Amino acid sequence: MDLFDTSVITGNLPEFWRGLWMTLQLTAVALLVGFAGAIPLAVARVSKNPAVRLPVSAYTYFFRGTPMLVQLLLIYYGAAQWEWMRAAWEEGQPFWLLFREPYFCALFAFGLNTCAYTVEIVAGSMRNTPHGEIEAAKAMGMSRFKALQRIVLPSALRRMIPSYSNEVILMLQGSAIASAVTLVDLTGAARNVYSRHFAPFESFIFVGLIYLVLTFMLVGLFKLAERRWLAHLAPRKALKTKEA
């Protein structure tokens, strides 16, 4: 018997591709939703008003301080524990019925989690905006909102690229827990293949290689983004003096 039977992989490629598509869907949609929600929340996070800042701070501390798997299980299995939620299901209210779907629960949990991390990334970049840029905006007569719109946020979004690349990669790899709520993502496909063929090396090594390729692709894309939008922050090479 071969130690590594490639026929296990080739015979189950359609299932692996479906799992890959599910993983890419979950990761991309969660990142888009999380990023869209993170921008206004990051503005609130750096606010000097405690009534605005503290609720956002509590949200980010909770979701950054607890495992994403626990958050997913709480949303998927815990929703039915609330009596008002069960009543909404019985009444057939469309939005609350979504919490019975594992796909929506996974997106909801992943979106909340990545949003919390992205809030802190954006807020940190906003706090580190060079003081000279803010003073220049004031000298131009910009209001606080206009300076935020034209100076602070664009500058923060450019400088957050290296940190955000780590969050994107962690979100991709963290999506592997989706199989805990019956979704067949890459990891779920590997488990199914393993349970049918009792071939752990073939199924999990192949899936691990797919995650590795996806990670390298993301790293390359973010490197290109850094060269495009952070070129002005790169250290300048010393000019060589020409000999006479």
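Asker: Just to check I follow, could you spell out the confidence of the model for the protein chain for this structure?
Answerer: Looking at the protein chain, pLDDT values average 88 and 91% of them are 70 or higher. Put simply, helix α6 (residues 94–97) is where the protein chain has its lowest mean pLDDT, 69, and helix α2 (residues 13–45) is where it has its highest, 96. Contacts from residues 238–244, a stretch scored under 50 in pLDDT, to residues over four places away or in other chains number zero contacts.

Asker: For this particular structure, what's the right way to read the packing of helix α11 (residues 186–197) against helix α12 (residues 200–229)?
Answerer: When two helices pack together, you describe them by how their axes are tilted relative to each other and by the distance separating the axes. It is the contact of α11 with α12, at a shortest axis distance of 8 Å, that shows an interaxial angle of 165 degrees. As the angle between them shows, α11 and α12 are arranged roughly antiparallel. Along this stretch, α11 crosses α12, giving a crossing that reads as right-handed. On α12, the residues touching L186, T187, A190, R191, V193 and Y194 of α11 are P200, S203, F204, V207, I210 and Y211. Grouping the constituent residues of the contact of α11 with α12 by class yields nine nonpolar, two polar and one charged.

Asker: Help me understand the environment of I177 in this model?
Answerer: The topology assignment puts I177 in the loop between α10 (161–174) and α11. Residues I177 and L32 lie 145 residues apart in sequence; the distance between their C-alpha atoms is 19 Å. Discounting chain neighbours no more than four positions away, the residues touching I177 are M68, L69, L72 and F110.

Asker: Any chance you could explain the environment of A231 here in plain terms?
Answerer: Along the chain, A231 turns up in the segment after α12. Between the C-alpha atom of A231 and that of I121, which follows or precedes it by 110 residues, the distance is 20 Å.

Asker: Got a minute to help me understand the pattern of salt bridges in this structure?
Answerer: Should their charged atoms come close, side chains of opposite charge can pair. Counted by the stated rule, this structure contains two salt bridges. Note that E15 and R196 form a salt bridge whose closest N and O atoms lie 2.6 Å from each other. Here R196 lies in helix α11 and E15 lies in helix α2, a separation of 181 residues in the sequence. What makes R196 partly exposed here is its relative accessible area of 44%. Between E120 and R45 there is a salt bridge whose closest N-O contact spans 2.8 Å. Separated by 75 residues along the polypeptide, E120 in helix α7 (residues 102–127) and R45 in helix α2 bring together distant segments of the chain.

Asker: Just to check I follow, could you spell out α2 for this structure?
Answerer: Residues that lie three or four places apart on an α-helix share one face, since the helix turns once every 3.6 residues. Its 33 residues give α2 an end-to-end C-alpha distance of 45 Å, which sits within 8% of 48 Å, the value for a rise of 1.5 Å per residue. The axis of α2 is deflected most strongly, by about 35 degrees, at I39, and proline P40 appears within four residues downstream.

Asker: What exactly am I supposed to notice about the side chain of T23 here?
Answerer: When you line up the elements, T23 lands in helix α2. By relative accessible area, T23 is classed as buried at 0%. Apart from the residues within four sequence positions on either side, T23 is in contact with L172, S175, D185, L186 and Y211.

Asker: I would appreciate a short explanation of unusual backbone geometry in the present structure.
Answerer: Backbone geometry places T182, a non-glycine residue, at a positive phi of 75 degrees. By the secondary structure assignment, T182 is in the loop between α10 and α11. Residue T182 is classed as exposed on the basis of its relative accessible area of 56%. Of note in this structure, F198 is not a glycine but carries a positive phi near 50 degrees. By relative accessible area, which is 65% here, F198 ends up exposed.

The rules behind each value
- Residues numbered from 1 in each chain as written.
- Predicted model: local features only at pLDDT ≥ 70, side-chain atom pairs only at ≥ 80, totals over all residues.
- Heavy atoms only, no water.
- pLDDT = per-residue confidence, 0-100.
- Helix = DSSP H or I, 4+ residues; strand = E, 2+ residues; numbered from the N terminus.
- Contact = heavy atoms within 4.5 Å.
- Axes fitted to C-alpha atoms, helices over the stretch in contact; angles between N-to-C directions.
- Parallel < 35°, antiparallel > 145°, perpendicular 65-115°, else oblique.
- Left-handed = near helix turned anticlockwise from the far one by under 90°.
- Nonpolar A, V, L, I, M, F, W, Y, C, P; charged D, E, K, R; others polar.
- Salt bridge = Lys/Arg side-chain N within 4 Å of Asp/Glu carboxyl O.
- Buried < 20%, exposed > 50% of the residue type's maximum accessible area, 1.4 Å probe, protein only.
- Expected span 1.5 Å × (residues − 1).
- Bend = angle between axes of the 7 residues up to and from the residue.

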